[in-house]
Amino acid sequence: VTREALAGLFWPERAEDEAQHNLRANLHRTRTLLTGWGQGEALQADRRRVRIDLPTDVAAFRAALGRADWAAATALHGEPLLSVMTFRGFALLEEWARAERQALGDAWRDATLKAALAHEQAGDAEAAAALMLRLLQGDAATEDAMQVLLRVARAAGRRDEALAAFERFRRWMDAELGLQPMVATIALADGLRAGVKAPTPGPVPAEAAAGVPRTVIQPPRVIGRDRELAKVADITNR
């Protein structure tokens with residue numbers, strides 16, 4: 001990242017010389033912290049550019065997505081990105097974090113569904129059900145996930161949990177969208193209540209096995225207002 005981009009990102013309202021002074025002071029503090037952690041060489045800085053080369057769970061998550069390792073990607077996304085941090089006074093950073101958090105969360109949901117479908121195809125109903133129950137606990141309710149859960153719940157011994165999740169899903173669709181679940185979803189729920197074995201799904205469609213968008217694996221540059229964007233045009237998310 002260029003020094004000018006960092007200075008503009010963190011101190012957009014300050015004069016250039018003051019912003020650069022603040023940057024130098026913070027780079028010194030950063031190097032001191034990294035040295036204390038035995039990572040002093042991780043900060044790479046010259047007169048124009050700065051880079052911190054450290055392993056991160058986000059990089060590992062994107063690498064797993066890139067090689068279509070859905071199980072690894074699902075496990076690596078434990079919490080939303082920077083969910084316990086705030087960027088008060090740094091509107092551009094807040095917008096970047098929000099956009100990244102959304103993109104990574106969407107990618108995790110997609111990877112989780114694909115991992116569950118793979119488990120279902122392999123006959124591992126327990127693993128598939130556990131993934132879908134986790135996904136459906138949050139705001140990630142989708143009909144595809146609900147159908148997977150209803151199909152595997154009986155074999156996984158999670159009948160009651162699956163039916164409770166279906167009822168929550170049904171109420172949410174009615175309240176938020178004014179809709180009811182699809183006929184196929186309702187049929188799966190009714191069959192589960194009646195103890196009818198769910199049909200075995202066919203092969204995973206090609207579109208479901210496809211990789212996630214390149215914009216998630218190799219995310220775009222920071223987006224902001226025109227003035228700020230000009231200052232951070234060289235920033236790329238590594």
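See above for the structure.
Figured I'd write up the structure that's included with this text. This is a predicted model, so every value here is computed, not measured.

1. Looking at helix α7 (residues 143–156)
Taking 1.5 Å of rise per residue, the 14 residues of α7 would be expected to cover 20 Å, and the 19 Å separating its terminal C-alpha atoms lies within 8% of that figure. Along α7, the sharpest change in direction is near 25° and occurs at Leu150. With 11 of 14 residues buried, α7 lies mostly within the body of the structure. Among the residues of α7, Glu143, Ala145, Met146, Gln147, Val148, Leu149, Leu150, Arg151, Val152, Ala153 and Ala156 are the ones counted as buried. For α7, the secondary structure elements touched by its buried residues are α5 (91–121), α6 (125–137), α8 (159–177) and α9 (183–194). After α7 finishes, the residue Gly157 shows a positive phi value of roughly 70°.

2. Side note on a nonpolar patch on the surface
A grouping of Trp172, Leu177 and Leu179 is seen on the molecular surface, where their side chains present a nonpolar patch of about 290 Å² in accessible area. Its location among the elements puts Trp172 in helix α8.

3. Notes on the packing of aromatic side chains
Taken as a whole and assessed by the stated rule, the structure comprises 2 aromatic pairs. Ring plane angle 45° and centroid distance 5.6 Å describe the contact between Phe10 and Trp11, whose orientation is recorded as tilted. Residue Trp11 is classed as buried on the basis of its relative accessible area of 16%. Ring plane angle 25° and centroid distance 6.3 Å describe the contact between Phe169 and Trp172, whose orientation is recorded as stacked.

4. Some thoughts on the nonpolar core
Counting residues in hydrophobic clusters, the biggest one holds 40 residues, and the most contacted among them are Phe61, Leu65, Met132, Met146, Leu149 and Leu150. Of all the secondary-structure elements, those providing two or more residues to this core are α3 (57–66), α4 (70–76), α5, α6, α7, α8 and α9. In this structure, Phe61 is in contact with Ala73, Leu76, His77, Leu104, Ala107 and Trp108, ignoring residues within four places of it in sequence. Ranked by size, the runner-up nonpolar core spans 10 residues in total, among them Trp11, Ala19, Leu34 and Leu43.

5. Notes on the pattern of salt bridges
Any two side chains of opposite charge can pair if their charged atoms end up close together. Under the definition given, this model contains 13 salt bridges. Arg98 is paired through a salt bridge with Glu95; the nearest N and O atoms lie 2.9 Å apart. Placement of both Arg98 and Glu95 in helix α5 is noted, with a separation of 3 residues, approximately one turn of the helix. What makes Arg98 partly exposed here is its relative accessible area of 43%. What emerges from the salt-bridge pattern is a single network uniting Glu167, Arg170, Asp190 and Arg193.

6. Some words on the packing of α7 against α8
Across the interface, α7 lies against α8 with an axial gap of 9 Å and an inter-helix angle of 155°. As judged from the angle between their axes, α7 and α8 are roughly antiparallel. For α7 against α8, the interelement crossing comes out left-handed. On the side of α7, the interface is formed by Glu143, Met146, Leu149, Leu150 and Ala153, while α8 contributes Arg159, Ala162, Ala165, Phe166, Phe169 and Met173. Split into classes, the residues belonging to the contact of α7 with α8 amount to 9 nonpolar, no polar and 2 charged.

7. What to know about helix α1 (residues 3–10)
Burial analysis of α1 places 6 of its 8 residues in the buried class, which makes it a mostly covered element. Buried within α1 we find Arg3, Ala5, Leu6, Ala7, Gly8 and Leu9.

8. Here's the deal with the side chain of Thr112
With respect to the element layout, Thr112 can be found in helix α5. Residue Thr112 is classed as buried on the basis of its relative accessible area, which comes to 0%. Side-chain polar atoms of Thr112 contact the backbone oxygen of Trp108, separated by 2.8 Å. In this view, Thr112 contacts Thr74, Leu131, Met132 and Leu135; residues no more than four positions away in its chain are not counted.

The rules we used
- Residues numbered from 1 in each chain as written.
- Predicted model: local features only at pLDDT ≥ 70, side-chain atom pairs only at ≥ 80, totals over all residues.
- Heavy atoms only, no water.
- Helix = DSSP H or I, 4+ residues; strand = E, 2+ residues; numbered from the N terminus.
- Expected span 1.5 Å × (residues − 1).
- Bend = angle between axes of the 7 residues up to and from the residue.
- Buried < 20%, exposed > 50% of the residue type's maximum accessible area, 1.4 Å probe, protein only.
- Contact = heavy atoms within 4.5 Å.
- Patch = residues over 30% accessible without salt bridge, like charges linked within 9 Å, V, L, I, M, F, W, Y side chains within 5 Å.
- Areas by Shrake-Rupley, 256 points an atom, 1.4 Å probe, with all protein chains shown as cover.
- Salt bridge = Lys/Arg side-chain N within 4 Å of Asp/Glu carboxyl O.
- Phe/Tyr/Trp six-rings, centres within 6.5 Å; stacked < 30°, edge-to-face > 60°.
- Core = buried A, V, L, I, M, F, W, Y, C linked by side-chain atoms within 4.5 Å.
- Axes fitted to C-alpha atoms, helices over the stretch in contact; angles between N-to-C directions.
- Parallel < 35°, antiparallel > 145°, perpendicular 65-115°, else oblique.
- Left-handed = near helix turned anticlockwise from the far one by under 90°.
- Nonpolar A, V, L, I, M, F, W, Y, C, P; charged D, E, K, R; others polar.
- Polar contact = N/O pair within 3.5 Å; in protein donor to acceptor, adjacent residues only side chain to side chain.

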